[in-house]
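# Observations on chain architecture
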Amino acid sequence: MSEVTKTNRPEFRNIHVTQLANYRLPLAGLISILHRISGFLMFALLPFILYLLDQSLLSEGTFAYFKGITSNWFVKLVLLALSWAFIHHFCAGIRHLFMDNHIGIEKDSARKSAAIVFAVSLPLAALVALKLFGAF
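Described in the following lines is the structure provided in the data block. Everything numeric here is computed off the predicted structure, so don't read it as measured data.

Bringing the overall build of the chain into the picture now. The helix and strand inventory of the chain stands at four helices and zero strands. Reading the chain from its N end, one meets helices and strands in the order α-α-α-α. By the compact-globule yardstick of 14 Å for 136 residues, the chain is too spread out, its C-alpha radius of gyration being 22 Å. Principal axes of the C-alpha set define a box for the chain whose edges measure 90 × 30 × 25 Å. In the chain, the proportion of contacts linking residues at least 24 apart, taken out of those at least 6 apart, comes to 75%. Within the chain, one finds 12 positive and 7 negative side-chain charges whose respective centroids are separated by 8 Å.

Taken as a whole and assessed by the stated rule, the structure comprises one salt bridge. We note a salt bridge from Asp108 to Arg111, for which the minimum N-O separation is 3.4 Å. Of this pair, Asp108 and Arg111 both sit in helix H4 (residues 107–132), separated by three residues, roughly a single helical turn. Note on Arg111: relative accessible area 44%, which makes it partly exposed.

Next up on the list: the nonpolar core. Soluble globular proteins tend to bury their nonpolar side chains together. Ile31, Leu34, Ile87, Cys91, Ala92, Ala114, Val117 and Phe118 together form the largest nonpolar core, which totals eight residues. For this core, the secondary structure elements donating two or more residues are helix H1 (27–56), helix H3 (73–100) and H4. Setting aside residues no more than four positions away along its own chain, Ile87 makes contact with Ser121, Leu124, Ala125 and Val128.

This part is about unusual backbone geometry. Despite not being glycine, His102 has its phi angle at roughly 60 degrees, a positive value. When you line up the elements, His102 lands in the loop between H3 and H4.

With that settled, the discussion passes to H1. Leu46 marks where H1 bends most, by close to 45 degrees; the proline Pro47 follows one to four residues later. Of all the residues in H1, the buried ones are Gly29, Ile31, Leu34, His35, Ser38, Gly39, Gln55 and Ser56. On its buried side, H1 packs onto helix H2 (60–69), H3 and H4.

On to the packing of H1 against H4. One can describe the packing of H1 onto H4 by two numbers: an axis separation of 8 Å at closest approach and a directional angle of 50 degrees. When the axes of H1 and H4 are compared, the pair comes out oblique. When you trace H1 past H4, the crossing you get is left-handed. On the side of H1, the interface is formed by Leu27, Ala28, Leu30, Ile31 and Leu34, while H4 contributes Ala110, Arg111, Ala114, Ala115, Val117 and Phe118. The class makeup of the residues in the contact of H1 with H4 is ten nonpolar, no polar and one charged.

Moving on, we come to the environment of Ile37. Note that Ile37 resides in helix H1. With a relative accessible area of 46%, Ile37 lands in the partly exposed category. Counting along the chain gives 52 residues from Ile37 to His89, while the straight-line C-alpha distance between them is 8.8 Å.

Basis of the calculations
Position numbers for residues start from 1 in each chain and track the written sequence from start to end. With pLDDT at 70 or above as the cut-off, local features in this predicted model cover only qualifying residues; side-chain atom pairs require 80 or more to be listed or tallied, and sums for whole chains, interfaces and linings still use all residues. Only hydrogens and water are removed before side-chain values are computed, so all heavy atoms of the structure are retained for them. Under the scheme used here, helices are H or I runs from DSSP no shorter than 4 residues and strands are E runs no shorter than 2 residues, and both carry numbers assigned from the N terminus. Our radius of gyration is a C-alpha quantity, and the globule rule it is checked against amounts to 2.2 Å times the number of residues to the power 0.38. When checking whether two residues touch, look at their non-hydrogen atoms; a contact exists if any pair is within 4.5 Å. In this count, Lys and Arg are taken as positive residues and Asp and Glu as negative ones, while His and the chain termini are left out. The atom standing in for a charge is NZ when the residue is Lys, CZ when it is Arg, CG when it is Asp and CD when it is Glu. For salt bridges, the criterion is a side-chain nitrogen of Lys or Arg within 4 Å of an Asp or Glu carboxyl oxygen. Three labels apply to residues, based on accessible area from a 1.4 Å probe with only protein chains included: buried if under 20% of the type maximum, exposed if over 50%, partly exposed otherwise in between. In plain words, nonpolar cores are sets of buried Ala, Val, Leu, Ile, Met, Phe, Trp, Tyr and Cys residues tied together by side-chain atoms within 4.5 Å. The angle between axes fitted to the seven-residue stretch ending at a residue and the seven-residue stretch beginning at it gives the bend at that residue. A fitted line through C-alpha atoms represents every axis, and for helices the fit uses only the stretch in contact; the resulting angles, taken between N-to-C directions, go from 0 to 180 degrees. An angle below 35 degrees is read as roughly parallel, one above 145 as roughly antiparallel, one from 65 to 115 as roughly perpendicular, and any other as oblique. In this scheme, a crossing is called left-handed if the near helix is turned counterclockwise away from the far one by less than a right angle; it is called right-handed if the turn is clockwise. Each residue gets one of three labels, nonpolar for Ala, Val, Leu, Ile, Met, Phe, Trp, Tyr, Cys and Pro, charged for Asp, Glu, Lys and Arg, and polar for the others, Gly among them.

The values reported here are purely geometric and, on their own, carry no functional implication.
Listed below in structure tokens is the structure:
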């Protein structure tokens, strides 16, 4: 038998949790992960939001009570996070629908569409923040 020579090929292994801080994720990957996080955030908070909506519609008094609660700055930050989750999930979802139809799946166009998601969702979330905190 002949001896098989071993070539020096690169080894690809899964990254460890301690290596996550040093891992450089491409923009499209970041969009994809944020799409999942925003979807989970909306799904997890949906029963709470529906309960608050149900309670606020009972009477004028409960509506005024919840209106007073939403004037708190911390509640406004939570509402802003939920609003960002919806806006980002919507924009990234449209991007994913195009990619499901094999539109924009090349590396360059996928990178551009990921940048467009940020370019659209972040200013819209900033507008929501300005409205929540009383700029207009």
